[in-house]
Structures are given as structure tokens and as C-alpha cells.
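# Observations on chain architecture
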Amino acid sequence: MTVERHRVMSGMRPTGGLHLGHLVGVLTQWESYCESADAFFEIADLHAYTTGFMDPRAIRDEREEMVAVWLAAGVDPQRSTIYLQSAVTEIAELQTLLSMIVPVSWLERVPTYKGQIEALGSEIATYGFLGYPLLQLCDIAVMRGDRVPVGRDQLAHLEFGREVVRRFNYLYGDGAQVLVEPQATLSQFAEVPGTDGRKMSKSYDNAILIADDEETTTRKVRSMITDPRKIRRGDPGRPEICPVFSLWKFVNPLRLDGIAAACRSGELGCVADKTDFAEQLNVYLRPVRERLAAYRTDRPFVEDVIARGTERARDVARGVLRDVKRAMKL
Ligand code: TRP
């Protein structure tokens, strides 16, 4: 029996601030794809330019740092391909070719387009930003990715991408599936709450960073909101609405039942719980942080991982470009 091995493709923008949400929601999943699939992980630097073009230095500085965090989290460079988007020039070439068949209205109706302009201002309303979902499809298609682990906010991009693939195959495929229709796979831990209870995010300033030191982590945990009706120890608490309790799930699930019971009965106060949690969280993060420190001091190793992965990625991309150009009679 042959086991079907999926080509998993995903990417992250090198904009810094990788946090606990990335670790438990994304990177542990990437780690497992190294074993179970043929995994391609992209440093999406061109994507970073769509909103951060005014500050190229910041994007450049985060490249190796972000990959060091990936490696520290357990992503295995021997069993996956880690590469730099801008160095795989076939991606940009494919974007130009596919742009010929993409109606502008398809791009305008992707919800992140208007949403991000409202959030970040009209200076990001560039041609490149409008084309962001197409660039993302090109990332996936050029590696023949068929499974794409993404967060909920990216589902509309994937749906758009599938439409582009169908249109391409219909127009130029002559009955064949020249491009592969990618499928999104939602991460099983969709949302990790931040210190204020909203989704953990660098832009909300509520994130516990992988790169934080232990004191900073402890301070952030102490500042976390809990059940607002539980004012002092003795008051019965509602763990189901408490972000500290949600984080316990990731850090030490064996403790959940005991903590929930003690919180509800009032026996456990929030201050004691946070002190305990901060300690456990630091224990949980310690090995990752130690590996991160090691990779930071071995930058040539990280650069080599990227260089080798980029070469491998280009081999795949060249083959796809050849097929696409042939289909388009170029
Ligand atoms: N757009 C994704 C984000 O902002 C990052 C990304 C770029 C990506 N290219 C990708 C994700 C390809 C999945 C597949 O988070």
C-alpha cells in the first residue's frame, strides 16, 4: 500500500515578534509536517513588503531571526525545505503570468483588502498589496503545494487561489490539471488568547514572545486579565472565560481539572494561579529559548539552511514554470 504524502506549503512574513500563539498554533504543526509530509516553509519577504515597503531594513533583519525561531521550535531543516521567497524568482514570474487572467474585482472582494486598508491607512493601497492573494497563490502553486496550513484569517485567500487555479486549468490546461488546487488545513488550536484576552497578536501588544526573557514573561503573565467577577481569593471564578486558564491548556494540560475545580470553589486565587502559571510557562519555553540562543550565535548555519532550501525550492519552481509557459504557449 502506498501512503499518500502531501506537499505541504506554508509561509510567514519576516516581521518579527513570534509569540506563544505561533509556537503552539503554527510551529508545532510545522514540526509534525516535517515527519508526515513533504514540507515547504517560506520566508515571505515579498509579502512583508506589501505593507512594510517603507522599512526594508526591518524586513531584512528579521530573516535569519525568524528562521532561528522556527528551528528552535523543532522545524527540521533536514526533513523540510526552508527558503526565501524573493530568491525564488519564479514566484514573481508566475505572478505576472497569472495576473493576465485574474479579474481585478476578484482581488477587490477579498475581505483582507478593505479591512487592512481601514486598519493601516490608504498608503498601503498599492498595486502590490491588491495583488497579495495572487502572490500567495503563486507561492503555493509554484511548489505544487496541495495542503496549506493557515489561520482562519487566510481562508479567503485560499478560496481565491483555488478559483485562479481552476480558471488557469480551464483556459490553458487542455483537459489537464497543470496547476494544483490547494486545500487549506486549519490549525487545531485556532486561537490563543493574549494577555488582554483578545487573540494573541503582535499588533495588539498582548503577546508573550518566544524571545522574551523569563522575567518579562512573568511580568506579562502577572498583568493578564482573568475573570472580572473574581475580585479576591474566595470569590468563585469561571475558568471557561479566563485567558490564563486557556493558556494552561497548552502548557500543562494535566493540571487543568485541578485548577478549574480550585478556581470555581474559590480556594485558588488569581494571583497564586498566575505565579504558578508564569513558572510553568517559563519551564515550557526554556528548551525553545535555549535552542534559539544557540541558533542566534550560529548565524552561518541558519544562512546555510536558507541557501540550501532556496536551491531545492527553485528546482521545483523551475519545473512548474516550464509547464505553465508551455500551457500558455509562451
Ligand atoms: N499570507 C500569510 C500571512 O500573512 C503568509 C504567507 C505567505 C503564506 N505566503 C503563504 C501562508 C503561502 C500560506 C501559504 O500570514
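In this report, we go over the structure that sits alongside the text. (Residues numbered from 1 in each chain as written. Predicted model: local features only at pLDDT ≥ 70, side-chain atom pairs only at ≥ 80, totals over all residues. Heavy atoms only, no water.)

## Structural notes on the packing of aromatic side chains
Overall, the coordinates contain nine aromatic pairs when judged by the stated rule. With a centroid separation of 4.9 Å and an interplanar angle of 75 degrees, the aromatic rings of Trp30 and Trp70 are classed as edge-to-face. Here the residue Trp30 occupies a position in helix α1 (residues 20-36), and Trp70 occupies one in helix α3 (residues 56-72), the gap between them amounting to 40 residues. A relative accessible area of 0% places Trp70 in the buried class. Ring centres of Tyr295 and Phe301 lie 5.9 Å apart, and the angle between their planes is 20 degrees; this geometry places the pair in the stacked category. Taking relative accessible area as the criterion, Tyr295 reaches 22% and is therefore assigned partly exposed. Sitting over the ring of Tyr204, Arg198 keeps its end group 4.0 Å from the ring centre. (Phe/Tyr/Trp six-rings, centres within 6.5 Å; stacked < 30°, edge-to-face > 60°. Helix = DSSP H or I, 4+ residues; strand = E, 2+ residues; numbered from the N terminus. Buried < 20%, exposed > 50% of the residue type's maximum accessible area, 1.4 Å probe, protein only. Lys NZ or Arg CZ within 6 Å of the ring centre and 35° of its normal.)

## Things to note about the pairing of strand β3 (residues 80-84)
Taken residue by residue, a regular strand's side chains alternate between the two faces of the sheet. Of all five residues in β3, five are buried, a share of seventy percent or more. Residues of β3 alternate between two faces, with Ser80, Ile82 and Leu84 on one and Thr81 and Tyr83 on the opposite face, all of them buried. Direction of pairing for strand β2 (residues 38-43) relative to β3: parallel, over a ladder of five bridges. From the neighbouring strand, Phe40 faces β3, where its bridge partner is Thr81. (Pairing = 2+ DSSP bridges.)

## Some words on the nonpolar core
Counting residues in hydrophobic clusters, the biggest one holds 53 residues, and the most contacted among them are Leu27, Phe41 and Trp70. When residues are assigned to domains, this core turns out to be shared by domain 1 (7-192 + 299-327) and domain 2 (202-293), each giving three or more. Beyond its immediate sequence surroundings of up to four residues, Leu27 is in contact with Met12, His22, Val69, Trp70, Ala73, Val75 and Ile210. Phe129, Leu135, Cys138 and Ile140 belong to the second largest nonpolar core, which has 43 residues in total. (Core = buried A, V, L, I, M, F, W, Y, C linked by side-chain atoms within 4.5 Å. Domains from an automatic or database assignment. Contact = heavy atoms within 4.5 Å.)

## So, helix α11 (residues 243-251)
Across the nine residues of α11, eight count as buried, placing the element largely inside the fold. Burial in α11 covers these residues: Pro243, Val244, Phe245, Ser246, Leu247, Trp248, Phe250 and Val251. Close packing links the buried residues of α11 with α1, α12 (256-265) and α13 (270-297).

## Considerations on the site of the ligand
In the vicinity of the ligand lie 14 residues, with Arg13, Tyr132, Gln136, Asp139 and Gln154 positioned nearest. In this structure, Arg13 approaches the ligand through a side-chain N or O atom, which is 3.2 Å from an oxygen atom. For the ligand, whose unbound accessible area comes to 360 Å², protein coverage reaches 89%. Mapped onto the shell around the ligand, the elements with two or more residues apiece are β1 (7-12), α8 (132-142) and β4 (147-150). Here the shell around the ligand gets four residues from one element, more than from any other, and that element is α8. (Near = heavy atom within 4 Å. Polar contact = N/O pair within 3.5 Å; in protein donor to acceptor, adjacent residues only side chain to side chain. Areas by Shrake-Rupley, 256 points an atom, 1.4 Å probe, with all protein chains shown as cover.)

## Brief notes about the pattern of salt bridges
Applying the stated rule across the entire model yields 24 salt bridges. Put simply, Glu90 and Arg318 hold a salt bridge, and the shortest N to O gap is 4.0 Å. In this pair, Glu90 sits in helix α4 (residues 89-99) while Arg318 sits in helix α14 (residues 299-327), placing the two residues 228 residues apart along the sequence. Judged by its relative accessible area of 6%, Glu90 is buried. Judged by relative accessible area, Arg318 falls into the partly exposed class, the value being 41%. Residues joined by salt bridges that share partners form a network here, namely Arg60, Glu64, Arg299 and Glu303. (Salt bridge = Lys/Arg side-chain N within 4 Å of Asp/Glu carboxyl O.)

## Re α1
An ideal rise of 1.5 Å per residue puts 24 Å on 17 residues; α1 measures up with 23 Å between its terminal C-alpha atoms. Along its length, α1 reaches its greatest deviation from straightness, about 35 degrees, at Val26. Leu20, Gly21, His22, Leu23, Val24, Gly25, Leu27, Gln29, Trp30, Tyr33 and Cys34 are the residues of α1 that are buried. (Expected span 1.5 Å × (residues − 1). Bend = angle between axes of the 7 residues up to and from the residue.)

## Observations concerning a nonpolar patch on the surface
On the surface, Tyr49, Phe53 and Met54 cluster together to form a nonpolar patch covering roughly 280 Å² of accessible area. Mapped onto the elements of the fold, Phe53 is located in the loop between α2 (45-52) and α3. (Patch = residues over 30% accessible without salt bridge, like charges linked within 9 Å, V, L, I, M, F, W, Y side chains within 5 Å.)

## A closer look at the packing of α4 against α14
Closest axis-to-axis distance for the α4/α14 pair is 9 Å, and the angle between their directions is 20 degrees. If you check the angle between α4 and α14, you find them roughly parallel. The element α4 and its partner α14 pack so that their crossing is left-handed. Of the residues in α14, those touching α4 at Thr89, Glu90, Glu93, Leu94 and Leu97 are Arg314, Ala317, Arg318, Leu321, Val324 and Lys325. Grouping the amino acids of the contact of α4 with α14 by side-chain chemistry returns five nonpolar, one polar and five charged. (Axes fitted to C-alpha atoms, helices over the stretch in contact; angles between N-to-C directions. Parallel < 35°, antiparallel > 145°, perpendicular 65-115°, else oblique. Left-handed = near helix turned anticlockwise from the far one by under 90°. Nonpolar A, V, L, I, M, F, W, Y, C, P; charged D, E, K, R; others polar.)

## Side note on unusual backbone geometry
Non-glycine residue Asp205 carries a positive phi angle of around 60 degrees. Mapped onto the elements, Asp205 comes out in the loop between β5 (183-186) and α10 (214-222). For Asp205, a relative accessible area of 73% gives the class exposed. One non-glycine residue with positive phi stands out, namely Lys329, at about 60 degrees.

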